[in-house]
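# What the coordinates show
Listed below, chain by chain, are the residues.
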Amino acid sequence: MKSNFSIKMMMQTLWTDFYGWSVKEYAWLVLASLAIIVTSLVMGGGMIELISSLTGIVGAILVAKGKISSYAWGVVATALYAWVSYSYQLYGETILYTLVFLPMQFIGYYYWIKSSSQVGDAIVDVIKRALSTRQRLFTVGATIAAIVGYAAFLRVLEGAMPGMDAATAILSVTATLLMVRRFAEQWIAWIVVNVVAVTMWVVMVLQHQDQGWAVLAMWIVFLLNSIYGWVQWRTAKVEG
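As a starting point, this report considers the structure included with it. In this text, all values refer to a predicted model and were calculated from it rather than measured experimentally.

How each quantity is defined
- Residues numbered from 1 in each chain as written.
- Predicted model: local features only at pLDDT ≥ 70, side-chain atom pairs only at ≥ 80, totals over all residues.
- Heavy atoms only, no water.
- Helix = DSSP H or I, 4+ residues; strand = E, 2+ residues; numbered from the N terminus.
- Expected span 1.5 Å × (residues − 1).
- Axes fitted to C-alpha atoms, helices over the stretch in contact; angles between N-to-C directions.
- Parallel < 35°, antiparallel > 145°, perpendicular 65-115°, else oblique.
- Contact = heavy atoms within 4.5 Å.
- Salt bridge = Lys/Arg side-chain N within 4 Å of Asp/Glu carboxyl O.
- Buried < 20%, exposed > 50% of the residue type's maximum accessible area, 1.4 Å probe, protein only.

## Digging into helix α3 (residues 47-64)
With 18 residues, α3 should cover 26 Å at 1.5 Å per step; its first-to-last C-alpha distance of 26 Å lies within 8% of that length. Once α3 ends, the next one or two residues include G66, with phi positive near 75°.

Here it is in structure tokens:
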């Protein structure tokens with residue numbers, strides 16, 4: 001970790017990470033947040049769902065920008081989403097968000113701090129990387145095997161939609177590991193995760209009528225943001 005890194009610098013990133021964006025980037029942040037708020041107010045849903053969705057999308061946009069404070073937002077979003085998933089009997093999501101993704105927020109924060117650029121007393125953007133062909137093949141194979149195994153486990157628990165639940169959970173683990181290690185290919189995994197998650201939450205909304213709309217809106221925005229993130233990271237200078 002950087003020897004001159006301090007708690008003060010960490011706290012400063014909570015607002016300095018929003019400095020210097022383009023008008024289009026600020027507009028995307030505002031529109032994404034408004035989409036979730038309006039959806040929740042119009043279609044109904046609990047406050048926990050709304051806060052989880054808002055903090056989640058702000059954190060995701062910050063990841064796309066390569067900003068360290070994305071993990072601070074991620075802690076809140078992850079903890080609340082675990083509770084929301086449990087209430088909908090999505091046990092795969094619940095287990096992984098509680099036991100894997102929440103701790104990974106702190107681990108990711110540590111690794112990104114170590115691998116970030118710094119100007120004076122300010123932490124700037126994380127330095128990005130790209131997978132080799134061999135690493136890509138291994139990642140795809142391991143992910144598919146894990147999805148099959150986890151889906152079988154969730155069927156034993158009699159969870160709702162074990163196949164989709166397992167796919168979103170395992171793919172999210174893959175994407176999170178790639179994110180922590182600063183690989184641009186995380187965004188391909190996130191795109192797949194978000195497509196599956198949107199499908200899953202459409203079913204949840206249809207089953208529960210007046211609930212889940214904010215979470216569905218969050219996943220739709222996540223999908224759009226993952227495409228934005230892929231473009232951002234692939235056009236940026238990356239380490240081979």
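## Brief notes about the packing of helix α5 (residues 91-114) against helix α7 (residues 162-180)
Where α5 contacts α7, the axes come no closer than 10 Å and their chain directions differ by 5°. With respect to α7, the axis of α5 lies roughly parallel. Facing α5, whose interface residues are Y91, G92, E93, L96, Y97, V100, F101, M104, I107, G108, Y111 and W112, α7 presents D165, T168, A169, I170, S172, V173, T176, L177, M179 and V180.

## Digging into the pattern of salt bridges
Opposite charge on two side chains permits pairing when their charged atoms draw close. For the structure shown, the criterion picks out two salt bridges. A salt bridge links K65 to E25; its shortest N-O distance comes to 3.0 Å. In this pair, K65 sits in the loop between α3 and α4 (70-87) while E25 sits in helix α2 (residues 23-43), placing the two residues 40 residues apart along the sequence. For the residue pair K65 and E25, the accessibility class agrees, reading buried in each case. The salt bridge partner of E185 is R136, with a shortest N-O separation of 2.8 Å. A residue pair is termed long-range when its members are at least 10 positions apart, and E185 in the loop between α7 and α8 (186-208) and R136 in helix α6 (residues 133-157) qualify at 49 residues.

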